[in-house]
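Working through the structure, step by step
These are the residues of each chain, in order.
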There are 2 protein chains.
Amino acid sequence: MAARDLQERIKKLILDRRLASGAPLPTEPELMEHLGASRNSVREALKALQAMGIVEIRHGFGTYVGPMSLAPMIEGLAFRTVAGHYRGEDSLLQLLELREAVETGLASRLSGRIPDADLIELDALVDRMEEEAARGAGLAETDRAFHATLYRGLDNALLCEVLEAFWDAFHRVRTDLGGEPQDPKVTCRQHREILDAVRSGDSMRAEEAIREHFGNIRARLSTTAPQSPHTRHNERV
Amino acid sequence: MAARDLQERIKKLILDRRLASGAPLPTEPELMEHLGASRNSVREALKALQAMGIVEIRHGFGTYVGPMSLAPMIEGLAFRTVAGHYRGEDSLLQLLELREAVETGLASRLSGRIPDADLIELDALVDRMEEEAARGAGLAETDRAFHATLYRGLDNALLCEVLEAFWDAFHRVRTDLGGEPQDPKVTCRQHREILDAVRSGDSMRAEEAIREHFGNIRARLSTTAPQSPHTRHNERV
DNA sequence: CGGTATTTGTCCGTATGTATA
DNA sequence: CTATACATACGGACAAATACC
């Protein structure tokens, strides 16, 4: 009777007091008194809110309003995808197609709207990507930065966060499942093409470039997709 | 030391046993023994997993693998948006723009890919919308069904779920904040236009129709959105 | 219909680890 | 190093909800 209600009341408390991210919450004893519940119930409610990124609990220090990032969504999406994959579904492909649909759809918005500063940064990122590819290093982080920077010009922080969340979830699942990385050379060339396309302002060309990039990942995916891992998986899941 | 680990081990247990949604989990005493932790710790871990939609707890019955829906994401997005709005940010507008960017971007994919059965259903939905508008009823549910049906033809269940989640979050926030509903007549006309546009296969026209639809909502939003612009809090992204 | 067993919900008390002063 | 405040973890107890006989 109180369990679900406690979370709502704590959320209401945050809203009523206009607490910003990082602001301290009342201590557990204070919350016990304010909410009229035991320590255990309060703790369970806080744990649930922590899982949703609404509060942040620091051991031996206190409880604070969380960053309200989309990290919980990443967790949920990643687990859902891994679980589906293990059960023989094409969940990983669906996640990739979700990214493809959204990012290709955004291509037309991108054309000519990217600030020069971002274009320069994107150039540097592709350069770094080629340098990493040359020395055989992983270029996952650079790829992430490229996609993040690409959509920064849309001037919507929420949209960028969602896209980054999709990227994170996909990347986590693919690495946890031990998928083979695609050919770095091809990846570099395709990112260069995306960058040139959006710079030229040709929306159709940009869309095609992004579509081809995802088509490449998809091809790598289908080679390792139908597996039933009796082996163990990473503990990161 | 065990808190974060317990969640991972329970998730690992679900993956190892290939448990599908709705499958029963071990009872709390069994989990206590299997994980070597006390009941409170197990319960807190389960509460966190419940908040992420990974498990489902039914009082007096048992614990089960959750539906793994995007409901937690809706909660998180909605709360994040409400909290931001109360603190004077344009979070609600950002959420709307997120929907607009994604849905307009999907318009080109839609053209000519919608099955006839879905087109018939969409016709019926707009008819119902007009009927509801005529008698002054709320047409939120019908609007939700329209958008859900529209993107069903993309053949990606995950994408549809994400779009529905965005819709739910936006609608919940707007109603919680007591925003004024837009003119039903205009809404009906714009949905009819969207439907006709995607039926014609003209992707540019479809994109424009969707953009105008969102433009209408945005206009309604801006009348009540900006409050206390001088109360700027310092916050990290 | 009632009784009983099972399972989760809530609460209390206590001890331990951690960070600040 | 000591003291204080806080979160973490444990074990036990009873209440509430559900299923089954």
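It should be noted that the structure appears before, not after, this text.
Every value quoted in this text rests on a predicted model; they were computed, and no experiment measured them.

What follows covers the protein's contact with DNA strand D. Lining the immediate surroundings of DNA strand D are 19 residues, of which R43 and H59 of chain A together with N40, S41 and F61 of chain B lie closest. The separation between a phosphate oxygen of DNA strand D and a polar side-chain atom of T63 of chain A is 3.2 Å. Looking at the surface near DNA strand D, the elements with two or more residues in it are strand 1 (55-58) and strand 2 (62-65) of chain A together with helix 3 (39-51) of chain B. In terms of residue count, the dominant contributor to the surface near DNA strand D is helix 3 of chain B (three residues).

Turning our eyes to something else, we now look at the pairing of strand 2 (residues 62-65) of chain B. One ladder, built from four bridges, connects strand 1 (residues 55-58) of chain B with strand 2 of chain B; its direction is antiparallel. Opposite I57 of chain B, over in strand 2 of chain B, you have T63 of chain B as the bridge partner.

Turning our attention to helix 9 (residues 184-200) of chain A. Residues and elements named next belong to chain A. Under the 1.5 Å per step criterion, the end-to-end length of helix 9 is 24 Å for 17 residues, consistent within 8% with the ideal 24 Å. Regarding helix 9, the residues found buried are T187, C188, Q190, H191, I194, L195, A197 and V198. At the exit of helix 9 stands G201, carrying a positive phi of roughly 85°.

Structural alignment of chain B on chain A gives an RMSD of 0.1 Å, achieved by rotating through 180° and translating 0.0 Å along the axis. Between the two chains, the operation in question is that of a two-fold axis. Considering only C-alpha atoms, the part of chain B nearest the rotation axis is G105 of chain B, at 1.8 Å. Both copies contact each other with a shared surface, as 94% of the interface residues of chain B are interface residues in chain A too.

Calculation rules
- Residues numbered from 1 in each chain as written.
- Chains lettered and ligands numbered in written order.
- Predicted model: local features only at pLDDT ≥ 70, side-chain atom pairs only at ≥ 80, totals over all residues.
- Heavy atoms only, no water.
- Near = heavy atom within 4 Å.
- Polar contact = N/O pair within 3.5 Å; in protein donor to acceptor, adjacent residues only side chain to side chain.
- Helix = DSSP H or I, 4+ residues; strand = E, 2+ residues; numbered from the N terminus.
- Pairing = 2+ DSSP bridges.
- Expected span 1.5 Å × (residues − 1).
- Buried < 20%, exposed > 50% of the residue type's maximum accessible area, 1.4 Å probe, protein only.
- Least-squares fit on C-alpha atoms with pLDDT ≥ 70 in both.
- Contact = heavy atoms within 4.5 Å.

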